[in-house]
Amino acid sequence: MIWLTWRQFRTQALVGAVLLAVVAAALLATAPGLFDRYHDSGFAGCATGCAQLAQAFTDDVLRGATKTFYRVGVAVLFLLPALVGVFWGAPLVARELEAGTHRLVWSQTITRSRWLIVKLTGVGLAVILLTGLISLLVTWWSGPIDEAQGDRITPLLFAARGVVPLGHAALAFVIGVLTGLIARRAVLAMGITLLLVAAVQIAVPTLIRPLLASPVSSTAAFDPERIDGISISNDSVMRVSLQPPVAGAWVLSNRTVDARGDEFRGPADRTKCGREGSPEVCEGWLQAQNLRQEASYVPPGQFWSLQWRELGVLAALTVLIAMFSFWWLRRRTT
Amino acid sequence: MTSAVSTSGLTKRYGRRTALRDCTLDLPAGHVVGLVGPNGAGKSTLLQLTCGLLAPTDGTIAVLGGPPANGSARIGFVAQDTPVYVGLTVAEHLRMGAHLNPAWDRQLAESRIADLGLDPGQKAGRLSGGQRAQLALTMAVAKHPELLLLDEPVAALDPLARREFLQGLMEFAADQGVSVIMSSHLVADLERVCDYLVVLVGSRVRMTGEVDELLGTHHRLTGARRAEVPAGPGVEVVYASHTDVQSSLIVRSSAPIDDPAWTADPVDLEDMVLAYLTEAGRPGRERTLESHR
């Protein structure tokens, strides 16, 4: 069965190997230059003035090809679960059911459960190997930039670093397999899998990850130095946003509230903050309004604990879906 | 070993549709059993219940003395449309068979492929329908089953390929002494190879028995129109047709018919089966038939 699994999977495996080789070649080729500049910038192992050195370093490296590779690295890891689910997971069983070859292979001396175990394990290991190696490469290569920006806990990077991509890819794979098992048509299963994986990629950072993190709440007095943006509408409704309390944190909420604790909405004093006023006058007026910043955020230091927790949840979902697939195969598939 | 397959009240429903209804059968081992009936009569369902691909809704089934099990080494199954992996070569199919079956007979498989003149390097997707069916049969026989099930194996084949396939099947059955159950909607296919017959119509078993015995107990009677239909213990009119001047009957009777009003002739297998299939298509007659039993 291992031989048959390999024989049926080898073309797809080859595509995965090519993807891995391309990513590895691009990152390994550019890594020496990136790491040289990291060490030469003075940011590596800095003791004082690290913020300025970090800024100077990122300004220096995030240009041209390096900037492209940095972004492509993130994009590859966000797309990988969908690719794995659609092209490796969905056809795995659906193609057999569609062509009727399940009747051929189940007529050999092998139970259908064992048949699925070998297929799931074999291709599943390939999923983990491919995603693991790509995530390892991307996380390592992006290390200096992530260190300088300190923002890898934010949703735009979190699922493209560390161990979480493994969980997303494995979950997408079993979602594809189960969809194929139920839909029994490869192309239909691929389409549904794409939608489901996209839904998971949206639901996890918005609904599940906040439950896994331990957000920090902070209340600070209004500080004009930290103003991030001000908007005033025609009917004098005014909104003020302040910079998050910790740079690079994953901000869950960030509100500027008045003395009663309600979100500050003006009304703006047009003589100070309108056309007649000036930024300085307006800031002075705002300071007199007795405002506070109430924020809830996940500090960058929680990155690894949050990574392992999310991996745990995704792995548990993967196991549940795999078990349901076996149930469906035994009870509902003919 | 007495029964290859024995069922009692076996029923399979898909939602509201009943594919097989209250099927009670006892198929002795060592026969080539033909399962005949029109499309949708439940032949595939019965075969898939036998090899464990389907689970019954109701009733019981024992195969080779035990419950049917998918992936059993004792049962070989060639599914309808003889599925093969289009991307795998003939040789890779044999390799798969060797990997997946402990009792795989490599020599038998390879010599069959050589005798058929199949190129081992050929992709299965490029084989003709007949070659595909032969490959699927080779896969099923090389695992050395005690019971071989074939679901409409020759339905898609041209007459020559049909003959070759059935020839190969007969040789194998004779050599290995295995029990074979083979379905078809064409009696002519079964006539050449089968010595036992099951007729399925409208999800029910209509008739079952050894071919020789069936042929010996069925008679074609011709006589003047409206001549009195012969009756008596063990006499059953299977089929009747009337023209203006004469009536023609197919009758099942263990004793010879010696009624001077009728001329008795032997029937061939096709006529006999067609009589059952035609009669079953007339809802009014069905009740009469049942009461004759």
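A quick note: this is a predicted structure, and the numbers were derived from the prediction, not measured. (Residues numbered from 1 in each chain as written. Chains lettered and ligands numbered in written order. Predicted model: local features only at pLDDT ≥ 70, side-chain atom pairs only at ≥ 80, totals over all residues.)

Enquirer: Looking at this model, I keep getting lost on the confidence of the model for chain A. Mind explaining?
Expert: Confidence along chain A averages 91 in pLDDT terms, with 100% of residues attaining 70 or more. Within chain A, helix α9 (residues 270-273) of chain A has the poorest average pLDDT of any element, 76, and helix α7 (residues 164-183) of chain A the best, 97. (pLDDT = per-residue confidence, 0-100. Helix = DSSP H or I, 4+ residues; strand = E, 2+ residues; numbered from the N terminus.)

Enquirer: Looking at this structure, how should I read helix α1 (residues 2-40) of chain A?
Expert: Given 3.6 residues to a turn, an α-helix orients residues that are three or four positions apart in the same direction. Largest kink in α1(A): about 55°, centred on Arg10(A). For α1(A), the complete set of buried residues consists of Leu4(A), Gln8(A), Gly16(A), Val23(A), Leu27(A) and Tyr38(A). In the core, the buried residues of α1(A) are packed alongside α2 (50-61), α3 (64-99) and α5 (112-149) of chain A together with α2 (90-100) of chain B. A positive backbone phi angle near 85° is found at Gly42(A), which sits one or two residues after α1(A). (Bend = angle between axes of the 7 residues up to and from the residue. Buried ≥ 20, exposed ≤ 12 C-beta atoms within 10 Å, placed from the backbone. Contact = placed C-beta atoms within 7 Å.)

Enquirer: Would you take a moment to explain the packing of α1(A) against α3(A) for this structure?
Expert: Describing two packed helices takes the angle between their axes plus the distance from one axis to the other. Residues and elements named next belong to chain A. The geometry of α1 relative to α3 is characterised by a closest axis approach of 11 Å and an angle of 165° between their N-to-C directions. Accordingly, the angle class assigned to the pair α1 and α3 is roughly antiparallel. Here α1 runs over α3; the crossing is left-handed. Between α1 and α3, the contacting residues are Gln-12, Val-23, Ala-26, Leu-27, Thr-30 and Leu-34 on the first element and Ala-65, Thr-66, Phe-69, Val-76, Phe-87 and Trp-88 on the second. Class assignment of the residues belonging to the contact of α1 with α3 gives a composition of nine nonpolar, three polar and no charged. (Axes fitted to C-alpha atoms, helices over the stretch in contact; angles between N-to-C directions. Parallel < 35°, antiparallel > 145°, perpendicular 65-115°, else oblique. Left-handed = near helix turned anticlockwise from the far one by under 90°. Nonpolar A, V, L, I, M, F, W, Y, C, P; charged D, E, K, R; others polar.)

Enquirer: Help me understand the nonpolar core in this model?
Expert: Considering soluble globular proteins, one finds that nonpolar side chains tend to be buried as a cluster. Ranked by internal contacts, the top residues of the largest apolar core, which has 155 residues, are Val127(A), Phe173(A), Val33(B), Ala136(B), Leu149(B), Val180(B) and Ile181(B). Of all the elements, α3(A) adds the most residues to this core, at 14 residues. The residues touching Leu149(B), leaving out its near neighbours within four places in the chain, are Leu47(B), Thr50(B), Cys51(B), Ile75(B), Gly76(B), Phe77(B) and Ile181(B). One finds Phe222(A), Ala268(A), Cys273(A) and Cys282(A) within the second-largest nonpolar core, a separate group that totals eight residues. (Core = buried A, V, L, I, M, F, W, Y, C linked by C-beta atoms within 7 Å.)

Enquirer: Please clarify how the interface of chain B and chain A should be interpreted in this entry.
Expert: How large an interface is tends to be reported as the accessible area lost when its parts come together. Contact residues are listed per partner, giving 26 residues for chain B and 17 residues for chain A. Within the residue set of the side of chain B that touches chain A, elements represented by two or more residues are β5 (75-78), α2 and α4 (129-141) of chain B. A total of six residues in the side of chain B that touches chain A trace back to one element, the largest contributor, which is α2(B). Here the residues of the side of chain B that touches chain A are counted per class, giving 16 nonpolar, six polar and four charged.

Enquirer: Explain the sheet that holds strand β4 (residues 58-63) of chain B here, please?
Expert: The strands making up a sheet associate through hydrogen bonds between their backbones, and the pairing can be parallel or antiparallel. Residue and element names in this part refer to chain B. A sheet is described by the order of its strands in space; here three strands give the open sequence β2-β1-β4, paired in antiparallel fashion. Looking along the sheet, the strands with just one partner apiece sit at the ends: β2 (17-28) and β4. Averaged over all adjacent pairs, the angle separating strand axes in this sheet is 20°, with direction ignored. Pairing of strand β1 (residues 3-14) with β2 involves eight bridges; the strand directions are antiparallel. Counterpart to Ser-6 in the pairing with β2 is Asp-26. (Pairing = 2+ DSSP bridges.)

Enquirer: Looking at this structure, I do not really get the domain arrangement of chain B. What am I missing?
Expert: All names here are of chain B. Annotation of chain B at the domain level lists domain 1 (3-202) and domain 2 (213-292). A straight line from the C-alpha centre of domain 1 to that of domain 2 covers 33 Å. Counting from both sides, the interface comprises nine residues of domain 1 and, opposite them, seven residues of domain 2. Looking at the side of domain 1 that touches domain 2, the elements with two or more residues in it are α6 (187-193) and β8 (196-201). Of the residues assigned to the side of domain 1 that touches domain 2, the class counts are seven nonpolar, one polar and one charged. (Domains from an automatic or database assignment.)

Enquirer: Explanation requested: the domain arrangement of chain A in the structure shown.
Expert: Residue and element names in this part refer to chain A. Under the domain assignment used here, chain A contains domain 1 (2-214 + 302-331) and domain 2 (216-301). A C-alpha centroid distance of 39 Å is found between domain 1 and domain 2. Contacts between the two partners involve 11 residues from domain 1, matched on the other side by nine residues from domain 2. Its residues assigned to classes, the side of domain 1 that touches domain 2 shows six nonpolar, four polar and one charged.

Enquirer: What is the right way to look at the packing of α2(A) against α5(A) in this model?
Expert: All names here are of chain A. Running from amino to carboxyl end, α2 crosses α5 at an angle of 135°, the nearest separation of the two axes being 9 Å. By the angle class used here, α2 and α5 are oblique. Here α2 and α5 pass one another in a crossing that is left-handed. Together, Ala-54, Phe-57, Thr-58 and Val-61 of α2 and Ile-145, Ala-148 and Gln-149 of α5 make up the contact between the two elements. Of the residues that constitute the contact of α2 with α5, the class distribution is five nonpolar, two polar and no charged.

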